[in-house]
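Spelled out, the chains give:
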Amino acid sequence: MTVMAKFWNALTRRKTDDVNEGESQLARVLNLFDLTALGVGSTLGLGVYVLAGQVAYNIAGPAVTISFLIAAVASAFAGICYAEFAARVPKAGSAYVYSYVTIGEFVAFTIGWNLILEYVIGTASVARGLSGYFDALIDNNMSKALNESMHMDVGFLGDYPDFLSFGMVLLLAGILAFGAKESSFLNNIFTCVNLVTICIVLVAGAMNANADNWRIPQDQVPEGFGTGGFMPFGLAGVMAGAAKCFFGFVGFDCIATTGEEAINPKRNIPLSIVISLIIIFLAYFGVSTVLTMMLPYYLQDRDAPFPHAFDVVGWITIKWIVTIGAVFALCTSLLGAMFPLPRILYAMGNDGILFKRLSKVHPYTKTPLIATIVSGIFASIMAMLFNLDQLVDMMSIGTLLAYTIVAICVLVLRYQDEDMTKLVSVKAPNVFRQFFNGHSYREPNSLTSNITKVGIVVFAVVCLVWCSLQKAFDLDSTGGIVSLSLVGVVLILIGVVIGMQPVSTIELTFKVPLVPFVPCLSVFANLYLMFQLDLNTWIRFLIWIVIGYVIYFCYGLRNSTQISRNRNHAEVAANALQQQSNNYLGQHENRAFEPDFKAENGVKLPPFEYSEKL
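Computed from a predicted model, the values in this text were never measured in an experiment. (Residues numbered from 1 in each chain as written. Predicted model: local features only at pLDDT ≥ 70, side-chain atom pairs only at ≥ 80, totals over all residues. Heavy atoms only, no water.)

1. Re the nonpolar core
If you look at soluble globular proteins, the nonpolar side chains tend to sit buried side by side.
Here comes step 1: Ranked by internal contacts, the top residues of the largest apolar core, which has 150 residues, are Tyr49, Tyr82, Tyr96, Ile116 and Leu354.
Here comes step 2: Not counting residues up to four positions away in its chain, the partners in contact with Tyr49 are Tyr133, Asn194, Thr197, Ile198, Pro305, Val322, Gly325, Ala326 and Ala329.
Here comes step 3: One finds Ile216, Phe225, Tyr297 and Tyr298 within the second-largest nonpolar core, a separate group that totals five residues. (Core = buried A, V, L, I, M, F, W, Y, C linked by side-chain atoms within 4.5 Å. Buried < 20%, exposed > 50% of the residue type's maximum accessible area, 1.4 Å probe, protein only. Contact = heavy atoms within 4.5 Å.)

2. Quick word on the packing of aromatic side chains
The geometry of an aromatic ring pair comes down to the distance between the two centres and the angle between the two planes.
Here comes step 1: All chains considered together, the criterion is met by 24 aromatic pairs.
Here comes step 2: Aromatic side chains Phe355 and Tyr555 sit 4.9 Å apart centroid to centroid with 50° between the ring planes, which places their arrangement in the tilted category. In this pair, Phe355 is assigned in the loop between helix H14 (340-350) and helix H15 (369-385) and Tyr555 in helix H21 (residues 535-559), connecting sequence segments 200 residues apart.
Here comes step 3: What links up through ring pairs into an aromatic cluster is the set Phe106, Phe109, Trp113, Phe378, Trp544, Tyr549, Tyr552 and Phe553. (Phe/Tyr/Trp six-rings, centres within 6.5 Å; stacked < 30°, edge-to-face > 60°. Helix = DSSP H or I, 4+ residues; strand = E, 2+ residues; numbered from the N terminus.)

3. Regarding the pattern of salt bridges
When the charged atoms of two side chains with opposite charge come close together, those side chains can pair.
Here comes step 1: As enumerated under the stated definition, the model contains five salt bridges in all.
Here comes step 2: The shortest N-O distance in the salt bridge between Arg128 and Asp162 comes to 3.6 Å. Pair noted here: Arg128 is in helix H6 (residues 105-137) and Asp162 is in the loop between helix H7 (141-149) and helix H8 (163-178), with a separation of 34 residues, a long-range link.
Here comes step 3: We classify Arg128 as buried; its relative accessible area is 9%.
Here comes step 4: Two residues, Asp311 and Lys319, come together in a salt bridge whose shortest N-O distance is 3.6 Å.
Here comes step 5: The partly exposed category is assigned to Asp311, whose relative accessible area is 38%. (Salt bridge = Lys/Arg side-chain N within 4 Å of Asp/Glu carboxyl O.)

4. Concerning the packing of helix H2 (residues 32-43) against helix H11 (residues 265-294)
Here comes step 1: Where H2 contacts H11, the two axes come as close as 8 Å, and the packing angle between them is 40°. Considering the relative orientation of H2 and H11, their crossing is right-handed. Residues Leu32, Leu35, Thr36, Gly39, Val40 and Thr43 of H2 lie in contact with H11, whose contacting residues are Arg267, Asn268, Ile269, Leu271, Ser272, Ile275, Ser276, Ile279, Ile280 and Tyr284.
Here comes step 2: By residue class, the composition of the contact of H2 with H11 is nine nonpolar, six polar and one charged. (Axes fitted to C-alpha atoms, helices over the stretch in contact; angles between N-to-C directions. Left-handed = near helix turned anticlockwise from the far one by under 90°. Nonpolar A, V, L, I, M, F, W, Y, C, P; charged D, E, K, R; others polar.)

5. Considerations on the side chain of Arg414
Here comes step 1: Positionally, Arg414 belongs in helix H16 (residues 388-414).
Here comes step 2: Setting aside chain neighbours within four positions, we find Arg414 in contact with Glu84, Arg88, Val503, Ser504, Lys511, Val512 and Val515.

6. Structural notes on the packing of H6 against H21
Here comes step 1: At their nearest, the axes of H6 and H21 sit 10 Å apart, and the two run at 130° to each other. Here H6 is positioned oblique relative to H21, judged by the angle of their axes. Both H6 and H21 take part in a crossing whose hand is right-handed. Touching Glu105, Phe106, Phe109, Thr110, Trp113, Asn114, Ile116 and Leu117 of H6 are Phe541, Trp544, Ile545, Ile547, Gly548, Tyr549, Ile551, Tyr552, Phe553, Gly556 and Leu557, all from H21.
Here comes step 2: A breakdown of the residues in the contact of H6 with H21 according to their chemical character gives 14 nonpolar, four polar and one charged. (Parallel < 35°, antiparallel > 145°, perpendicular 65-115°, else oblique.)

7. Some details on the confidence of the model for the chain
Caution applies to low-pLDDT regions: their predicted coordinates should not be interpreted in detail.
Here comes step 1: Chain-level statistics for the chain give a pLDDT mean of 79 and a share of 86% at 70 or above.
Here comes step 2: This model gives residues 18-23 a pLDDT under 50, and the stretch forms eight contacts once residues within four places in sequence are excluded.
Here comes step 3: Between residues 607-614, whose pLDDT stays under 50, and residues either more than four places distant or in other chains, the model counts nine contacts. (pLDDT = per-residue confidence, 0-100.)

8. Considering the environment of Ala127
Here comes step 1: Examined against the element boundaries, Ala127 turns out to sit in helix H6.
Here comes step 2: Separated by 253 residues in sequence, Ala127 and Ser380 place their C-alpha atoms 8.4 Å apart.
Here comes step 3: Non-local contacts of Ala127, meaning those with residues more than four positions away in its chain, are made with Ser165, Met168, Val169, Leu334 and Ala383.

9. Looking at unusual backbone geometry
Note on backbone geometry: most residues besides glycine have negative phi, and most peptide bonds are trans.
Here comes step 1: For the bond running from Val515 to Pro516, omega is 10°, close enough to zero to count as cis.
Here comes step 2: One non-glycine residue, Leu514, adopts positive backbone phi at about 55°.
Here comes step 3: Position of Leu514 relative to the elements: it lies in the loop between helix H19 (478-499) and helix H20 (517-530).
Here comes step 4: The exposed category is assigned to Leu514, whose relative accessible area is 65%.

Structural data, given as structure tokens:
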């Protein structure tokens, strides 16, 4: 085997269970309620109390409700893909493990490294948002004092070191290190307080709602705030708002990282993902509706919209109830954002593609203690040094890429040939005929599986072409409409070709409906939202990826435990083959000796003498 072939095999080696590995050291203590509360708590934080006002203020106006709906649909596509994978692979590590099992080690490392970025920045951004929310309630006295005494004049950092964010993240890391059940109990309490607060907001906001705030004439709108009405910034504003609102749905995937700590994970993880997404969307849609009806969009407060809105309408008591609930909600979101990070580090350390000490589980707390401490220190430093806007955009790009890979993995597995011995001719006529299942195959084989894989790659490339054309052309121009329509037709045809191939019949507790269209729509939506992010975000993202690849090629490629797993599988297979060979030879040798012993010198021996001869 050539060097390049060995290198390619190393990059594409897939995760298998080691025949010599024991049970997971993590404790299975999380039930359906715990998992749902974890998903809701980690998601319903910054989005409800800050993001709705920010997007309504100068991005989408009252149409922020539509922005949340679009973001919810994109997240739902990703969510049900996660749910199917959780039913297939109930292991700690989320999309990292899913891609490792189905695609290969290099792609898995890329996803795992992006998930580390997502959860670190998610933790830091929520901590920074909580600090900003608290600061807004005390008339920005904290930020003023720190800005005057410790101002940082560096372009890519915040204006001042945020020590409150730093301390909160370290405190939460300590709580998480104590145990999964204990931190989950605290999360459940905070989440219940959060949901009660949201219900109060919806009822009190509805009582002060004024539908005229969705129909403000253009002559009453201040300069720089669009054209008034329901969509003051047009369709472009709604889509830009959707890209921002997508951040509000990031967090449900933390449920999928608990595969080794969940009770009955193949049932409870998919169910909790679906339930939490429904609760999250209803909360966001309701909150953004009452907020924009209570107060004109151009009068919203970007840092603390609800306290400001209730202050304007004179409901001071509700203002403080909402404020206290928001602090609890942001604490919940902080806990939920940080919960998956040590699990990702644990999973990657356990597989040897990150430093193996990260996989050490404390015998008393049954948690990855070193990974929790490292992630707490890393996230707290990020929270202290960077501002919220820089953190949010970087978080979205890593999350969207992870969602895209998960959707692709669902397609690969659903159409994968389980029996690798069923080889079919790949001559051109057979291939073209099979595009629309002309051979009427009922189960996947090598031909249909390869057609699907190539189709998925082509679909992703054409999606990139569509997104590039959408950026290059004006949607109102004839050239833009024609080119986007033609590429759209190609995408639909590719989806139809994939859909015509036979699917795997393996039974699962949860399956993505309408395959391949739901995963294909997920890929398309995620790539579209990635193209809405600015150039600086892409540059920071590429720098992070380069750092990760240096670690992988210098350490992970050589220390991957999959090397020993493959060796163990090969040894077991060789021993089994040798045993079969020995049994076969032994049987034939016994048969060969029987006539000689039974008729030695022409005299038939008694049975006991025959056995002694043997």
